[in-house]
Amino acid sequence: DLLAQVLAALGARIGAWEAAGGTGPAGDYRARCVTIGHSVRIHGVDGTAIDGQATDVDESGRLILEVDGGRRVIAEGDVEHIRPVTQ
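Residues numbered from 1 in each chain as written. Predicted model: local features only at pLDDT ≥ 70, side-chain atom pairs only at ≥ 80, totals over all residues. Heavy atoms only, no water.

Q: Report on the sheet that holds strand 4 (residues 70–74), specifying residues and quantitative values.
A: Each strand in a sheet pairs with another by means of backbone hydrogen bonds, the pair being arranged parallel or else antiparallel. Spatially, 4-3-2-1-5 is the arrangement adopted by the five strands of the open sheet, whose pairing is antiparallel. Looking at the sheet topology across the chains shown, the edges are occupied by strand 4 and strand 5 (78–81). Sheet twist, expressed as the mean angle between neighbouring strand axes with direction ignored, is 45°. Alignment of strand 2 (residues 49–57) against strand 3 (residues 63–67), held across four bridges, turns out to be antiparallel. (Pairing = 2+ DSSP bridges. Helix = DSSP H or I, 4+ residues; strand = E, 2+ residues; numbered from the N terminus. Axes fitted to C-alpha atoms, helices over the stretch in contact; angles between N-to-C directions.)

Okay, here's the thing in structure tokens:
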């Protein structure tokens, strides 16, 4: 019963969000994401690191990076915001 109530409430919230202009998982998130537009370092689960400019999120919520003039889609990893150097 509890699970049914939680799922019904979640469904209602998703429906209201979509009716208000949400466009898939990335819609409302994109407008509030403080990462987009910043330099970041992604620490991959395999121990690698990728530096780039966060430019967007796709409809699945994956982070889009500009890296060396190319586009990389990041599905998992830890995001570290890189602060600009000030003098």
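Picking up after the structure, the text goes on.
Q: Lay out unusual backbone geometry in plain terms, naming residues and giving numbers.
A: For Asp68, which is not a glycine, the phi torsion comes out positive at approximately 50°. Its location among the elements puts Asp68 in the loop between strand 3 and strand 4.

Q: Go over the pairing of strand 4, please, and point to the residues and values.
A: Examined bridge by bridge, strand 3 and strand 4 share five bridges and lie antiparallel to one another. When the sheet's bridge partners are listed, Leu63 is paired in strand 4 with Ile74. Joining the antiparallel neighbours strand 3 and strand 4 is a turn of two residues, in which Asp68 adopts a positive phi near 50°.

Q: Pulling in residues and values, what's your account of a nonpolar patch on the surface?
A: Among the surface-exposed residues, Leu3, Leu7, Leu10 and Ile14 lie close enough to one another that they form a single nonpolar patch of about 380 Å² accessible area. Note that Leu7 resides in helix 1 (residues 2–19). (Patch = residues over 30% accessible without salt bridge, like charges linked within 9 Å, V, L, I, M, F, W, Y side chains within 5 Å. Areas by Shrake-Rupley, 256 points an atom, 1.4 Å probe, with all protein chains shown as cover. Salt bridge = Lys/Arg side-chain N within 4 Å of Asp/Glu carboxyl O.)

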